[in-house]
Amino acid sequence: MKITVLGCHGSDAAIGHGYTRQPCRSVGLLVNDSLMIDAGTGASQLTLEEQLRIQYVVCSHLHFDHVKSLPALADNLVNQDGHSLTVASIPSVLDGLQRFIFNDSVFPNFFALPDHRRPLLMAHPLRVGEETWLGEVGITPIEVNHTVPTVGFLIRDHTVAWLYSGDTSSTEEIWIAASVTPNLKAAFIETSFPDELQSLASMSRHLTPALLAQEFHKIGQPDLPVYAYHLKPLYEEQITRQLARLDIPALKILQEGQTIVL
Ligand SMILES: [Zn+2]
Ligand SMILES: [Zn+2]
């Protein structure tokens, strides 16, 4: 399974200076060129041809940094020969997208346009704890602990599986499910704030490096490759130093533009 990182941060910003200056983009992962996990970044990193290959967008929750590329994708794809895009998530997220974004005020309702019988965006409800196959990729949403209804995902094809935590604070079920998932090859776990901002992390239900370690150990596979993501750009250096001190041998920080093949 190929995972292309279009964006992997907890916000948008440029960090560094001169030659070290680099963009940070909100989370958007492209799987096998045809399925997106979250859409905080998408259209801006892809040509029209690449956007036309996307068939599914799977959203973990409604926070803007995870859905804000959907309007641009819709705008680009609407007049492309009857192209349609399946948007899959838990029902409250699908409902929120239609009520708050694609509501004909903030943005046109592409769940009914260009033709309500063949709309561009097609809502596909996912049930928590149940696997749904979207093309060649199986997705199991599992509730995690965030300020709004949020799911993480176990994602697999017929040979490998990986975990995507979604935005979460300390939680249980997704780690238990991961621990019994066959051929689990990697865990993508959010790490938004440095340890000093533990109280902000608790309030906004996110993880710090210390909490990442605590949560990761619940999977019970100490050598499993871990990719930390959703770092808030302003704290990237601090978080990076603190992650490096953890006793997790295969821990890396997910990088913008990186491609991972599992
Ligand atoms: Zn987020
Ligand atoms: Zn969030």
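Parameters at a glance
Residues numbered from 1 in each chain as written. Chains lettered and ligands numbered in written order. Predicted model: local features only at pLDDT ≥ 70, side-chain atom pairs only at ≥ 80, totals over all residues. Helix = DSSP H or I, 4+ residues; strand = E, 2+ residues; numbered from the N terminus. Rg over C-alpha atoms; globule rule 2.2 N^0.38 Å. Contact = placed C-beta atoms within 7 Å. Core = buried A, V, L, I, M, F, W, Y, C linked by C-beta atoms within 7 Å. Buried ≥ 20, exposed ≤ 12 C-beta atoms within 10 Å, placed from the backbone. Pairing = 2+ DSSP bridges. Axes fitted to C-alpha atoms, helices over the stretch in contact; angles between N-to-C directions.

A. Focus on the overall build of the protein chain. Each helix and strand counted, the protein chain has 7 helices and 16 strands in total. At 18 Å, the protein chain has a C-alpha radius of gyration in line with the 18 Å of a compact globule built from 262 residues. Along the three orthogonal principal directions, the C-alpha set of the protein chain runs to about 55 × 45 × 35 Å. Expressed as a percentage of contacts within the protein chain between residues at least 6 apart in sequence, the contacts between residues at least 24 apart total 58%.

B. Quick peek at the nonpolar core. Val57, Val58, Ala187, Phe188 and Ala228 are the most contacted members of the largest nonpolar core, which has 75 residues in total. Here the element with the most residues in this core is strand E13 (residues 184-190); it accounts for 5 residues. Filtering out sequence-adjacent residues up to four positions away, Val58 remains in contact with Leu35, Met36, Ile37, Ala88, Ser89, Ile139 and Phe153.

C. Geometry of the pairing of strand E4 (residues 28-31). Along E4, one buried face is formed by Gly28 and Leu30 and the opposite face, lined by Leu29 and Val31, is buried too. Where strand E1 (residues 2-7) lies against E4, 4 bridges are found, and the strand directions are antiparallel. Directly across from Gly7, in E4, lies its bridge partner Gly28. Bridge count for E4 against strand E5 (residues 35-39) is 4 bridges, and the pairing is antiparallel. Among the inter-strand pairings, Leu29 is bridged to a residue of E5, identified as Ile37. Taking the residues between adjacent antiparallel strands as the criterion, E4 and E5 are bridged by 3 residues, where Asn32 takes a positive phi near 50°.

D. The sheet that holds strand E16 (residues 259-261), seen in detail. Within the open sheet, the 7 strands sit side by side as E8-E7-E6-E5-E4-E1-E16. Their pairing is mixed. Strands at the two margins of the open sheet, each flanked by one partner only, are strand E8 (121-125) and E16. In this sheet, adjacent strand axes meet at a mean angle of 25° when their direction is disregarded. Relative to strand E7 (residues 85-89), strand E6 (residues 56-58) runs parallel, the two being bridged by 3 bridges. By the bridge assignment, Val57 is partnered in E7 with Val87. Where helix H3 (residues 91-101) meets the sheet, it contacts E7 and E8, and its direction lies at approximately 125° from that of E7.

E. Structural view of the sheet that holds strand E9 (residues 132-134). Spatially, the 7 strands line up as an open sheet ordered E9-E10-E11-E12-E13-E14-E15, and their pairing is mixed. Both outer strands of the open sheet, E9 and strand E15 (251-253), are each paired with one neighbouring strand and no more. On average, adjacent strands in this sheet sit at an angle of 25° to one another, irrespective of strand direction. Note: E13 against strand E14 (residues 226-229), 4 bridges, orientation parallel. Within E14, the position partnered with Ile189 by the bridge is Ala228. Across the sheet, helix H6 (residues 209-216) is in contact with E13 and E14; its angle to E13 comes to roughly 145°.

F. Summary view of unusual backbone geometry. The linkage connecting Leu113 with the following residue, Pro114, adopts the cis geometry, with an omega of 0°. Its location among the elements puts Pro114 in the loop between H3 and E8.

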